[in-house]
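Residue-level structure breakdown
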Amino acid sequence: MVPHLITALSGPLLDLEKRILDYATDIECWFRFAWNEQPPPFYSSVDIRNAGFKLAPVDTNLFPGGFNNLSDEMLPLAVQAVMCTIEKYCPNARSVVVVPENHTRNTYYLNNLAQLMTILRQAGLDARLGSISADITEKIQLESANGNLLHIEPICRRGNRLGLAGFEPCVVLLNNDLSAGVPSILKSLEGQQVLPPLHAGWATRRKSRHFQSYQEVAESFCHRFGFDPWLITPYFEARGQVDFQQRLGEQDLAEAVDLILEKTRRKYSEYGISEQPYVVVKADAGTYGMGIMTVHSGQEVIGLNRKQRNKMSTVKEGLAVSDVIIQEGVHTFESIKEAVAEPVVYMIDRYVVGGFYRVHTERGKNENLNAPGMHFVPLAFETPCNTPDCSDRPDAAVNRFYAYGVIARLAALAAANELELTKPIELAV
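Summarised in this report is the structure supplied together with it. As the structure is a computational prediction, the values presented were derived from the model and not from experiment.

Calculation rules
Residues numbered from 1 in each chain as written. Predicted model: local features only at pLDDT ≥ 70, side-chain atom pairs only at ≥ 80, totals over all residues. Heavy atoms only, no water. Core = buried A, V, L, I, M, F, W, Y, C linked by side-chain atoms within 4.5 Å. Buried < 20%, exposed > 50% of the residue type's maximum accessible area, 1.4 Å probe, protein only. Helix = DSSP H or I, 4+ residues; strand = E, 2+ residues; numbered from the N terminus. Contact = heavy atoms within 4.5 Å. Arc of directions from axis to C-beta. Pairing = 2+ DSSP bridges. Axes fitted to C-alpha atoms, helices over the stretch in contact; angles between N-to-C directions.

Quick word on the nonpolar core
A general tendency of soluble globular proteins is for nonpolar side chains to be buried together. By size, the foremost hydrophobic cluster in this structure holds 74 residues, and its most contacted members are Y214, F221, I232, V281, I326 and L410. Of all the elements, helix 8 (residues 397-421) adds the most residues to this core, at 12 residues. Discounting residues that sit within four places of it in the chain, V281 has contacts with L253, V257, G291, I292, M293, V295, V301, M312, V324, I325 and I326. Of all hydrophobic cores here, the second largest spans 38 residues; its members include V98, L113, V171 and V344.

A short note on helix 7 (residues 306-313)
Those residues of helix 7 lying buried are R309, M312 and S313. Angularly, the buried residues of helix 7 cover 100 degrees about the axis, an arc narrow enough to put them on a single face. Close packing links the buried residues of helix 7 with strand 13 (279-283) and strand 14 (292-295).

Digging into the sheet that holds strand 10 (residues 171-175)
Judged by pairing direction, the sheet is mixed, and its 6 strands sit side by side in the order 6-7-5-4-10-11 without closing on themselves. Across the chains shown, the open sheet's two edge strands, defined by having one partner strand only, are strand 6 (140-143) and strand 11 (193-195). In this sheet, neighbouring strand axes are inclined to one another by 35 degrees on average, regardless of whether the strands run parallel or antiparallel. As paired strands, strand 4 (residues 95-100) and strand 5 (residues 126-131) are joined by 4 bridges and run parallel to one another. Across the sheet, V96 pairs through a bridge with A127, a residue of strand 5.

Concerning the sheet that holds strand 12 (residues 236-239)
One open sheet accounts for 4 strands, arranged 12-15-13-14; its pairing is antiparallel. Here the strands that pair on one side only, and so sit at the sheet edges, are strand 12 and strand 14. The mean inter-strand angle of the sheet, taken between neighbouring strand axes irrespective of direction, is 20 degrees. The pairing of strand 13 with strand 14 spans 4 bridges and is antiparallel. Across the sheet, V279 pairs through a bridge with V295, a residue of strand 14. Packing of helix 6 (residues 250-271) onto the sheet brings it into contact with strand 12, strand 13, strand 14 and strand 15 (324-328), and relative to strand 15 it is tilted by some 20 degrees.

Structure representation (structure tokens):
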């Protein structure tokens, strides 16, 4: 069943959703041609915020770690998507090694690995887990939070190929976002398909580059279907050479915050929106909700206290933050049992395979929900997300989820374009 959804709706979003439904056939055709031009990443997840007057992505992850939060009803769709996608990359693939994050003591992350391995195996692949962590020197058994047993082995390199003891895979599937950099053991492989590519990791990738790509994709999409790109696009700016501990770059950062706020206020005025605009400042690389703060004026980023500076100074793997993205905050008016919620849509290649609501009982509609205390509610699409009921009310659940799928696919297309632009020279020839 679809979780009970409460959404405060007003003018423009209903119009946007209706327009999306009216053009559903043309939209699917538009995507089909777009994918022919630029194939999507192997998998992705997209955080979406529904403000009632605006529906936009706020983050796109190319190494999704929440497959365990998808509903069981969507498992067959995920399996079918993997079968189609693997055949495209490596038609003769029989085996795959999954490279997980190094924090394999996180039993909830192990739930994700267990579900991912189930999907791969049901797609006909001999799947095993191979770690690049220096702490794993022999095969070990770990138990996930829900009781699944997983075996993780150290990856070894033989020449220009990766493998495990007695196992040489056709495909290397990364479920590690490479925040700490690309280890030499993964570089310059021959005859093995690495998915996603190494330059999709946070050692190379930047959120500001992604949202620049998304802005271009959204503008093209909106020009084709005739509506304001702002309704599906957050304003953003990027700033570098910021040192929160030494309070360097504060003034430049404050000016960027005020610039985004002023642009947002003008749009709010245009659409008659009474909400207070806000801005999210976050590290330009990295995940797990680290290095994020919400502000309502540029002055708030000047003279941060020690706790705030410490929070913003480092992200995953203890990496220092020097580049930030300043992004228009998108309110969320969705709730589950009176707790604020936001949808996260999961994709394998071009296929929407489900998602979940990230829910936080202690956060407000203008706050980051990716924080300790959050929980997840599976988004069980009662019908596939790409099959709207165009005869139903625009705010019917299936049609809302179709709109989510459109936004997620635009973000995946933006990621595809982004990866093409950042492809290393030796891969581009």
